[in-house]
Amino acid sequence: MRIGIDIRCLAEGKRTGVEEYTLALLKAVFERDQTNEYILFFNAWRSEEVDFSWVDMYPNVTLRVFHFPNKLFNLSLWYFGFPKLDRLVGGTDVFFLPNLNFAAVSQDTELVVTAHDVSFELFPEMFSWKQRIWHYLVNFRGLVRRADRVIAVSHSTKGDLMTEYRVPAEKIAVVHSGIEKRFRRLDRNDPELLRVKEKYHLPYRFILFLGTFEPRKNMSSLIHGYEALLRTGNDISKKHDLVLAGTRGWECQDVFVACESSLYRDRIRLPGFIADEDKVALYNLASVFVYPSFYEGFGFPPLEAMACGVPVVTSHSSALSEVVGKASIMIDPYQPEELYLALQSVLENQELSARMQKDGLAQATQFSWEKAAKETINVFLAKGN
């Protein structure tokens, strides 16, 4: 079977959640399946900085690179439904979109689409007007209805697809994303810990957030919860700084205003972008990881933190409760007081913290890219169902 895969999401070279998903899943699929033929479709006007050397490791995988101007290419796909992506790569039996994008395939090619979330439908106010227009034009509703099979990264996302788009349940396969094996608990004497601590000028004890600074992540509530902790917590809680790490997203200025106006601004650290190779050590250095997002289709950071043996406090909303199970403290993202109380409990109760570490490590083992690859291949091969 010839299986085409759209990898245009790798064009920007960022390690976003979608890129992490695409790279990790495809490598696991190619490691597992040497029988079927895979053809990767990539288009970018300029792609000099994208590293595709990993493709050479797999003899049954071919990369087809095109250099159409992106805006004209997307316009043609949107308005004319041309060119057909499967025909550009020489014809396929199945064509897979690991992320929503402008796309058109032939009627005789089965289309498989991954749905990460429908946050743009549920929380449109948390997206810029450019992002809203882009989502409207891509028409994800029409894409998943046109698809022969849809992969949802969580049961929560499957439910959203059924509710928002009326996609039949039998057409949706839930395939949980995995976690890379490099996310693990490090020995306290590992030199990586000191290197990363010095690189980002991290404090000795800290509460960690890692993600994109955007309204959906609910970072202002975290700042207010931290302030309450310093006002009323005991000596142990008061020894912890707050580290807000990650990249700037849309409408993130409120986060910086809240930091600057805080009475505890000297205790709030903003190390900025964290290099991918430094994330494991960063998680291991934290006393607790906090992720109070309003909505997530899956939620990589809490899972990564648990795999590194860090207690996790996160929201009970959307797919987050599905990912962390009973291994974390879950709070209402609309109630900052719950966040403060959760932080206080973890930091001031060593027995609770140790139990959460143990439970988190066990919970993280339930997610692997090997398992995700096996289930994804089964979706590819379910031709005609």
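Residues numbered from 1 in each chain as written. Predicted model: local features only at pLDDT ≥ 70, side-chain atom pairs only at ≥ 80, totals over all residues. Heavy atoms only, no water.

Looking now at the pattern of salt bridges. A full pass over the atoms with the stated rule returns 17 salt bridges. One salt bridge connects Arg 149 with Glu 110, and the closest N-O pair in it is separated by 2.8 Å. Here the residue Arg 149 occupies a position in strand S6 (residues 149-152), and Glu 110 occupies one in strand S5 (residues 110-115), the gap between them amounting to 39 residues. We note a salt bridge from Arg 216 to Glu 214, for which the minimum N-O separation is 3.5 Å. One salt-bridge network, held together by shared partners, links Glu 180, Arg 182, Asp 276 and Lys 279. (Salt bridge = Lys/Arg side-chain N within 4 Å of Asp/Glu carboxyl O. Helix = DSSP H or I, 4+ residues; strand = E, 2+ residues; numbered from the N terminus.)

Before going further, it helps to examine the side chain of Lys 217. Note on placement: Lys 217 falls in the loop between strand S8 (206-210) and helix H9 (219-232). Contact partners of Lys 217, with chain neighbours within four places excluded, come to Phe 209, Thr 212, Tyr 291, Pro 292, Ser 293 and Glu 296. (Contact = heavy atoms within 4.5 Å.)

Evaluated as defined, the whole model comprises 25 aromatic pairs. Seen in terms of ring centroids, Phe 183 and Tyr 283 are 6.1 Å apart; in terms of plane orientation they differ by 65°. Their pairing is edge-to-face. With Phe 183 in the loop between strand S7 (172-174) and helix H8 (191-199) and Tyr 283 in helix H12 (residues 279-285), this residue pair connects regions lying 100 residues apart in the sequence. We classify Phe 183 as buried; its relative accessible area is 6%. Pairing Phe 289 with Tyr 291 gives two aromatic rings, centres 6.0 Å apart and planes at 20°, and the pair type is stacked. Assigned by exposure class, Phe 289 and Tyr 291 land together as buried. By way of ring pairs, the aromatic residues Phe 183, Phe 209, Phe 213, Phe 256, Tyr 283, Phe 289 and Tyr 291 are connected into one cluster. (Phe/Tyr/Trp six-rings, centres within 6.5 Å; stacked < 30°, edge-to-face > 60°. Buried < 20%, exposed > 50% of the residue type's maximum accessible area, 1.4 Å probe, protein only.)

Looking now at the nonpolar core. Judged by nonpolar contacts, the single largest core of 101 residues is most densely connected at Phe 30 and Leu 244. Those residues in contact with Phe 30, other than ones at most four positions away along the chain, are Ile 5, Tyr 38, Leu 40, Trp 54, Tyr 58 and Val 61. Membership of the second largest hydrophobic core comes to 35 residues, among which are Phe 73, Leu 77, Val 89 and Val 138. (Core = buried A, V, L, I, M, F, W, Y, C linked by side-chain atoms within 4.5 Å.)

The terminal C-alpha atoms of helix H16 (residues 350-364), which comprises 15 residues, lie 21 Å apart, in line with the 21 Å expected from a rise of 1.5 Å per residue. Among all positions of H16, only Leu 352, Ser 353, Met 356, Gln 357, Gly 360, Gln 363 and Ala 364 are buried. Each buried residue of H16 sits inside an arc of 140° when the element is viewed along its axis, so together they form one side. Opposite its buried face, H16 presents the exposed residues Gln 350, Glu 351 and Lys 358, each directed more than 90 degrees away. Those residues of H16 hidden inside the fold are in contact with helix H13 (300-307), strand S12 (312-315), helix H14 (320-324), strand S13 (329-331) and helix H15 (336-348). (Expected span 1.5 Å × (residues − 1). Arc of directions from axis to C-beta.)

To continue, consider the packing of helix H1 (residues 17-32) against helix H17 (residues 369-381). Where H1 meets H17, the closest approach of the two axes is 8 Å, and the angle between their N-to-C directions is 75°. Taken together, the axis directions place H1 and H17 in an arrangement best described as roughly perpendicular. Facing Glu 20, Tyr 21, Ala 24, Leu 25, Ala 28, Val 29 and Arg 32 of H1, the residues of H17 in contact are Trp 369, Glu 370, Ala 372, Ala 373, Lys 374, Thr 376 and Ile 377. Residues that form the contact of H1 with H17 fall into these classes: 9 nonpolar, 1 polar and 4 charged. (Axes fitted to C-alpha atoms, helices over the stretch in contact; angles between N-to-C directions. Parallel < 35°, antiparallel > 145°, perpendicular 65-115°, else oblique. Nonpolar A, V, L, I, M, F, W, Y, C, P; charged D, E, K, R; others polar.)

Here the focus is the sheet that holds S6. Where strands meet in a sheet, backbone hydrogen bonds hold them as pairs that are either parallel or antiparallel. Strand order in the open sheet formed by 7 strands is S3-S2-S1-S4-S5-S6-S7, and the pairing between neighbours is parallel. Looking at which strands have only one partner, the edges of the open sheet turn out to be strand S3 (61-66) and S7. Averaged over all pairs of adjacent strands, the angle between their axes in this sheet comes to 20°, without regard to strand direction. The sheet contact formed by strand S4 (residues 94-97) and S5 spans 4 bridges and is parallel. (Pairing = 2+ DSSP bridges.)

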